[in-house]
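Remarks on the overall topology
Spelled out, the chains give:
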Amino acid sequence: DISKSKIGKKSKPLSNLIGFIFGHRGLIHSIWPSLLLFFLFYKLKKEIFGFAILFGYLSHLILDMFNKTGIALFYPISKLRVNGFIKTKSLFENILFIILLILDILYTIKYIL
């Protein structure tokens, strides 16, 4: 949802459109897209993928809640932001990301095998 991010730079038109419609850390950074994707995969009888997406998306949101900018977890129902103490691109943020990524991979492997 921001055209200056690594992914945003590779898909500028889409990133600009999403940023324009939803804003930075708006609806896309709330709990609703993760739940929607989970229930979509659940209905398609692909629960494993639904859980993997849910866990990965929520781990991203958790990291963003620890960020100084924070997120509005229940946006647009509530605009109350959860702000943390971690600076973007800091060593601590990278370590926490790696830990959550490893947990995500282990969780995914557990349900695939």
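Please read these numbers as outputs of a predicted model, since none were measured by experiment. (Residues numbered from 1 in each chain as written. Predicted model: local features only at pLDDT ≥ 70, side-chain atom pairs only at ≥ 80, totals over all residues. Heavy atoms only, no water.)

Let us look at the nonpolar core. The tendency in soluble globular proteins is for nonpolar side chains to be buried as a group. By size, the foremost hydrophobic cluster in this structure holds five residues: Ile-31, Tyr-57, Leu-61, Ile-71 and Leu-73. In contact with Ile-71, not counting residues within four places along its chain, are Arg-25, His-29, Leu-61, Asp-64, Met-65, Leu-80, Arg-81 and Val-82. (Core = buried A, V, L, I, M, F, W, Y, C linked by side-chain atoms within 4.5 Å. Buried < 20%, exposed > 50% of the residue type's maximum accessible area, 1.4 Å probe, protein only. Contact = heavy atoms within 4.5 Å.)

Two elements in contact, helix α4 (residues 47-66) and helix α5 (residues 91-112), have axes whose closest approach is 10 Å; the angle formed by their N-to-C orientations is 165 degrees. Relative to α5, the element α4 is oriented roughly antiparallel. Both α4 and α5 take part in a crossing whose hand is right-handed. When α4 is examined against α5, the residues Ile-48, Phe-51, Ala-52, Phe-55, Gly-56, Ser-59, Leu-63 and Phe-66 are found in contact with a partner set consisting of Glu-93, Leu-96, Phe-97, Leu-100, Leu-103, Asp-104, Tyr-107, Thr-108, Tyr-111 and Ile-112. In terms of residue class, the contact of α4 with α5 is built from 13 nonpolar, three polar and two charged. (Axes fitted to C-alpha atoms, helices over the stretch in contact; angles between N-to-C directions. Helix = DSSP H or I, 4+ residues; strand = E, 2+ residues; numbered from the N terminus. Parallel < 35°, antiparallel > 145°, perpendicular 65-115°, else oblique. Left-handed = near helix turned anticlockwise from the far one by under 90°. Nonpolar A, V, L, I, M, F, W, Y, C, P; charged D, E, K, R; others polar.)

Along the chain, His-29 falls in the loop between α2 (12-22) and α3 (32-43). Within the structure, the side chain of His-29 is placed 3.2 Å from the side chain of His-60, a separation counted as a polar contact. Side chain to side chain, His-29 and Asp-64 meet in a polar contact 3.0 Å long. (Polar contact = N/O pair within 3.5 Å; in protein donor to acceptor, adjacent residues only side chain to side chain.)

In a packed pair of helices, the relevant descriptors are the angle between the two axes and the axis-to-axis distance. Interhelical geometry of α3 versus α4 gives an angle of 170 degrees and a closest axis separation of 7 Å. The angle between α3 and α4 falls in the class roughly antiparallel. Side by side, α3 and α4 meet where Pro-33, Ser-34, Leu-35, Leu-37, Phe-38, Phe-41 and Tyr-42 of the first sit next to Glu-47, Phe-49, Gly-50, Phe-51, Ile-53, Leu-54, Tyr-57 and Leu-58 of the second. In terms of residue class, the contact of α3 with α4 is made up of 12 nonpolar, two polar and one charged.

Cis geometry is found at the peptide bond from Tyr-75 to Pro-76, where omega equals 5 degrees. Within the fold, Pro-76 resides in the loop between α4 and α5. We note that Lys-45 has phi near 65 degrees; this positive angle belongs to a residue other than glycine. Topologically, Lys-45 is positioned in the loop between α3 and α4. The phi torsion at Lys-89 lies on the positive side, around 65 degrees, for a residue other than glycine. One can find Lys-89 in the loop between α4 and α5.

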